[in-house]
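So the chains spell out like this:
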Amino acid sequence: MPINTLEYAKLFQTQLDQQAEQQATSGWMEANAGQVIYNGGDEIKIPDIVVQGLGDYDRDNGFVQGSVTYKYQTHKLTMDRGRTFQLDAMDVNETNFGTSAANVMSEFQRMQVIPEIDAYRYSKIATTAINAGNSEDYTPAEGTILSKLYEHIFTLADRGIDMGQLVITISYPTYQILVNNSQIQKRIDVGNFTQGNVNLQIRMLDGIPLIPVSSSRMKSAYVFYDGSTSGQEQGGFAPDASAVNVHWIVSSRRAPIGISKTDVVRIFDPQTNQKANAWKLDYRKYHDIIIPENKVREIFIAKDAGTP
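Residues numbered from 1 in each chain as written. Predicted model: local features only at pLDDT ≥ 70, side-chain atom pairs only at ≥ 80, totals over all residues. Heavy atoms only, no water.

*Asks:* Kindly report on the packing of aromatic side chains, identifying the contributing residues and their values.
*Replies:* If you walk through the whole model with that rule in mind, you get 11 aromatic pairs. Here the aromatic rings of Phe 108 and Tyr 283 are separated by 5.3 Å at their centres, their planes lie at 90 degrees, and the arrangement is edge-to-face. Remark: Tyr 283 occurs in strand β14 (residues 278-290) and Phe 108 occurs in helix α2 (residues 97-131); sequence separation between them is 175 residues. On the accessibility criterion, Phe 108 (16% relative accessible area) is buried. With relative accessibility at 5%, the residue Tyr 283 sits in the buried group. Look at Tyr 138 and Trp 248: their rings are 5.6 Å apart centre to centre, the planes differ by 45 degrees, and that puts the pair in the tilted class. Of this pair, Tyr 138 sits in the loop between β5 (135-137) and α3 (145-157) while Trp 248 sits in strand β12 (residues 246-252), and the two are 110 residues apart along the sequence. Residue Tyr 138 shares its accessibility class with Trp 248, and that shared class is buried. Chaining the aromatic ring pairs together yields one cluster made of Tyr 120, Tyr 222, Phe 224 and Phe 237. (Phe/Tyr/Trp six-rings, centres within 6.5 Å; stacked < 30°, edge-to-face > 60°. Helix = DSSP H or I, 4+ residues; strand = E, 2+ residues; numbered from the N terminus. Buried < 20%, exposed > 50% of the residue type's maximum accessible area, 1.4 Å probe, protein only.)

*Asks:* So what's going on with the nonpolar core? Which residues, and what values?
*Replies:* Most often, soluble globular proteins keep nonpolar side chains buried together rather than apart. Grouped together as the largest cluster of nonpolar side chains are 27 residues, with contacts concentrated most on Ile 125, Ile 211, Ile 249, Ile 299 and Ile 301. Elements represented by at least two residues in this core include exactly α2, β8 (198-205), β9 (208-213), β10 (222-224), β12 and β15 (299-303). With 7 residues, α2 is the single largest residue contributor to this core. Those residues within four positions of Ile 301 in sequence are excluded, and the remaining contacts are Ala 126, Ala 129, Ile 130, Asn 134, Ser 135, Glu 136, His 152, Trp 248 and Ile 249. Ile 145, Ile 153, Leu 166 and Phe 300 belong to the second largest nonpolar core, which has 22 residues in total. (Core = buried A, V, L, I, M, F, W, Y, C linked by side-chain atoms within 4.5 Å. Contact = heavy atoms within 4.5 Å.)

*Asks:* For a nonpolar patch on the surface, give the residues involved together with the corresponding values.
*Replies:* There is a patch of nonpolar side chains on the surface, built from Ile 37, Ile 49, Val 51, Val 68, Tyr 70 and Tyr 72 and spanning about 570 Å² of accessible area. Secondary-structure elements contributing two or more residues to the nonpolar patch are β2 (43-51) and β3 (68-76). A total of 3 residues in the nonpolar patch trace back to one element, the largest contributor, which is β3. Tracing the sequence through the fold places Tyr 70 in strand β3. (Patch = residues over 30% accessible without salt bridge, like charges linked within 9 Å, V, L, I, M, F, W, Y side chains within 5 Å. Areas by Shrake-Rupley, 256 points an atom, 1.4 Å probe, with all protein chains shown as cover. Salt bridge = Lys/Arg side-chain N within 4 Å of Asp/Glu carboxyl O.)

*Asks:* Which residues make up helix α4 (residues 172-179), and what are the values?
*Replies:* Note that an α-helix has 3.6 residues per turn; residues three or four places apart therefore point the same way. Turning to α4, its buried residues number three or more, namely Thr 174, Tyr 175, Leu 178 and Val 179. On an axial view of α4, the arc spanned by its buried residues comes to 130 degrees, and they lie on one face. (Arc of directions from axis to C-beta.)

*Asks:* Tell me about the side chain of Ser 260, and please be specific about residues and values.
*Replies:* Tracing the backbone through its elements, the reader meets Ser 260 in strand β13 (residues 257-268). Side-chain polar atoms of Ser 260 contact the side chain of Lys 285, separated by 3.1 Å. (Polar contact = N/O pair within 3.5 Å; in protein donor to acceptor, adjacent residues only side chain to side chain.)

*Asks:* How would you sum up the sheet that holds β3? Please name residues and give values.
*Replies:* Here 3 strands make up an open sheet; going across it, the order is β1-β2-β3 and the pairing antiparallel. Two strands lie at the open edges of the sheet, namely β1 (37-38) and β3, each paired on one side alone. Where β1 lies against β2, 2 bridges are found, and the strand directions are antiparallel. Within β2, the residue paired with Tyr 38 across the bridge is Ile 44. (Pairing = 2+ DSSP bridges.)

Next comes the structure, spelled out in structure tokens:
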């Protein structure tokens, strides 16, 4: 029975989006994309709501009329990325195609796509915070790390941001220094953190989730290879020469809006593929991070000295 490549493509597309949300350390940011309208392609629409404040109630005339503006802002997604792979027909047949293709795409996403999504998001958050003056140069040290982290937490709390809505994203080297601090044990507990459809058990600092991240994803700037230019054939990404290390990002959960859409997965069987006697897998991913202007104040970072 011929394989239904269209149904396989739809299945892969759904599963790959779920995998990205659940396995990316920044996957929690996609919970803020619930009101985003995406109809395919490289554009999304985000609601922008403006309301007036309270006025005095009048016993004769009643309520003072207020106005509300509800409109959608259109954003063009920055990252339009893709790859194509071929599985030789001598190695893969109709019987084992589903398993083989799923393994290839899952490994590609785990090793290449998810790290890139994380790195891009954290770098954009970092540069946004730096440009807004919401950053501090700091060299992590066991004797000062706890007080410095709380300083940044309380900076946001003083701006009226609920501490119960904060998330701390922290590089692994800095995380190691933090958990080795002798004063932190009484402040650390384990709690539930929901990301996508998965409930995670993670460490929390006074109820604030601590999300440790590979330091390779916590830089202020990256170069994203196009896959075709000489020296960039391997694709993927690498830290920019101007990049500085980001030690942690303290942010409210509602500030960053993570967008990750597998726009298309196409599968061609060996009889349809005109290039080779092989199964052909096309993968295209749009992803981006959006921080509304009124939410920039809800982010604060610690970084190495220097400006990206």
